[in-house]
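# Topology and contacts: notes
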Amino acid sequence: MAATLCVKLLPKQGRLPLTQVVRHGSKAVTRHRKPMHFLKQKLMAVTEYIPPPRPAPPGAYPSQVEEVQKENPLLLFLKKEVQKVFQECKMVAVVQNNASNAEDMMILKHRLHKHGITVKLFPNQVMLSFLKDTVYANMAPLFIGPNLLIVSKEPKAKELLTALRASPQITLLGACIDDTLLSAQGVASYAKLPSSTVVQGQLVSGLTTLASRTASLLQHHPSRLSALLQQYAKQETASDDHMEGAAKADEAT
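- The name an unreviewed UniProt entry assigns to the protein is Large ribosomal subunit protein uL10m, from the organism Tetraodon nigroviridis.

As structure tokens, then:
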């Protein structure tokens, strides 16, 4: 009997009881963290440890020590040749070679040679190395791609444009004429100007005209005064003759 009651009253293993006690209400935490004073916050921010930056691994950046490289003797020789060209020639034009063949280039050289104009070829590396330390540094942007130099000891822009007009593969980029950098349009405008001989003749004729006009203006007043004096002398002579004739007539009467 007792065993039967125990089996009925005691809960079986693996089953939950029919009733459970649940605690309601606030948590047991009665102490909250007090906020830090703002002065202490400032002090902590100022005294905060800042670790030093981590250095870059060796070899990550190139060395700051500049390596002195000796220039190639051929490049030095070509730079001297370019310098000689700029010193001796008053016109240095830069043109671009757009895949012209050897025959067209030979014809162009022959046409230019008639007017005393020559074609020279220098690598862009040599030209840029020469231009960066000279007064012609503004010509550096012209040397991109296959370029040629057309030079002459006298400025012959008109003859240059006439020869290039028959060679469409050669494009004029710019020129330095009489130490003045000109664009392609500037070279065309320069070619329309009269030659120096014509300008000198016009200047001499203008100066001669001004000198002759000045001389005539300076001689105008003395010549006019001389004419007035001559006219006055004639009038005086005529009046004296008239008075003498009248006097003789009175004596005769």
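Now, onward.
## Description of the environment of lysine 192
- For lysine 192, the position within the fold is in the loop between helix H7 (184–191) and helix H8 (196–252).
- The exposed category is assigned to lysine 192, whose relative accessible area is 71%.
- Along the sequence, lysine 192 and alanine 157 sit 35 residues apart, while their C-alpha atoms lie 8.9 Å from each other.

## Quick notes on helix H3 (residues 73–88)
- A rise of 1.5 Å per residue sets the reference length of H3, with its 16 residues, at 22 Å; its end C-alpha atoms lie 23 Å apart and thus fit the reference within 8%.
- Every buried residue of H3 is listed here: Leu78, Val82, Val85 and Phe86. Buried residues of H3, seen end-on, are gathered within an arc of 95° and therefore sit on one face of the element. Pointing more than 90 degrees away from the buried face of H3 are the exposed residues Pro73, Lys80 and Gln87.

## Quick word on the packing of helix H4 (residues 102–113) against helix H6 (residues 157–165)
- Their axes nearest at 10 Å, the elements H4 and H6 cross at an angle of 155°. Taken together, the axes of H4 and H6 lie roughly antiparallel to each other. Considering only the axes of H4 and H6, their crossing is right-handed. Side by side, H4 and H6 meet where Leu108, Arg111 and Leu112 of the first sit next to Leu160, Ala163 and Leu164 of the second.
- Residues belonging to the contact of H4 with H6 are distributed by class as follows: five nonpolar, no polar and one charged.

## Observations concerning a nonpolar patch on the surface
- A cluster of nonpolar side chains, namely Leu203, Leu207 and Leu210, defines an oily patch on the protein surface of about 310 Å² accessible area.
- Structurally, the position occupied by leucine 203 is in helix H8.
- For leucine 203, a relative accessible area of 53% translates into the label exposed.

Cut-offs used in this document
Think of each chain on its own: its residues are numbered from 1, step by step along the sequence as written. Selection of residues for local features in this predicted model requires a pLDDT of at least 70, selection of side-chain atom pairs for listing and counting requires 80 or more, and totals for whole chains, interfaces and linings are taken over all residues. The side-chain figures draw on all heavy atoms in the structure; neither hydrogens nor water molecules are used. A run of H or I in DSSP becomes a helix once it reaches four residues, and a run of E becomes a strand once it reaches two; helices and strands are each numbered from the N terminus. For every residue, the accessible area (1.4 Å probe, protein chains only) is compared with the maximum for its type, and the residue is labelled buried under 20%, exposed over 50%, or partly exposed between those bounds. One fewer than the residue count of a helix, multiplied by 1.5 Å, yields its expected span. What the arc covers is the set of directions going from the helix axis to the C-beta atoms. Throughout, an axis means a line fitted to C-alpha atoms (over the contacting stretch in the case of helices), and angles, computed between N-to-C directions, take values from 0 to 180 degrees. We call two directions roughly parallel when the angle between them is under 35 degrees, roughly antiparallel when it is over 145, roughly perpendicular when it lies between 65 and 115, and oblique otherwise. Crossings are sorted by hand: turned counterclockwise from the far helix by less than a right angle, the near helix makes the crossing left-handed, and turned clockwise it makes it right-handed. By the convention used here, residues are in contact when the closest approach between their heavy atoms is within 4.5 Å. We call Asp, Glu, Lys and Arg charged. Ala, Val, Leu, Ile, Met, Phe, Trp, Tyr, Cys and Pro are nonpolar, and the rest, Gly among them, are polar. Any residue with relative accessible area above 30% and no salt bridge may belong to a patch, with like charges joined within 9 Å and the nonpolar Val, Leu, Ile, Met, Phe, Trp and Tyr side chains within 5 Å. All accessible-area figures derive from a Shrake-Rupley calculation using a 1.4 Å probe, and residue coverage is judged against the displayed protein chains alone. Salt bridges are defined by distance alone: a side-chain nitrogen of Lys or Arg within 4 Å of a carboxyl oxygen of Asp or Glu.

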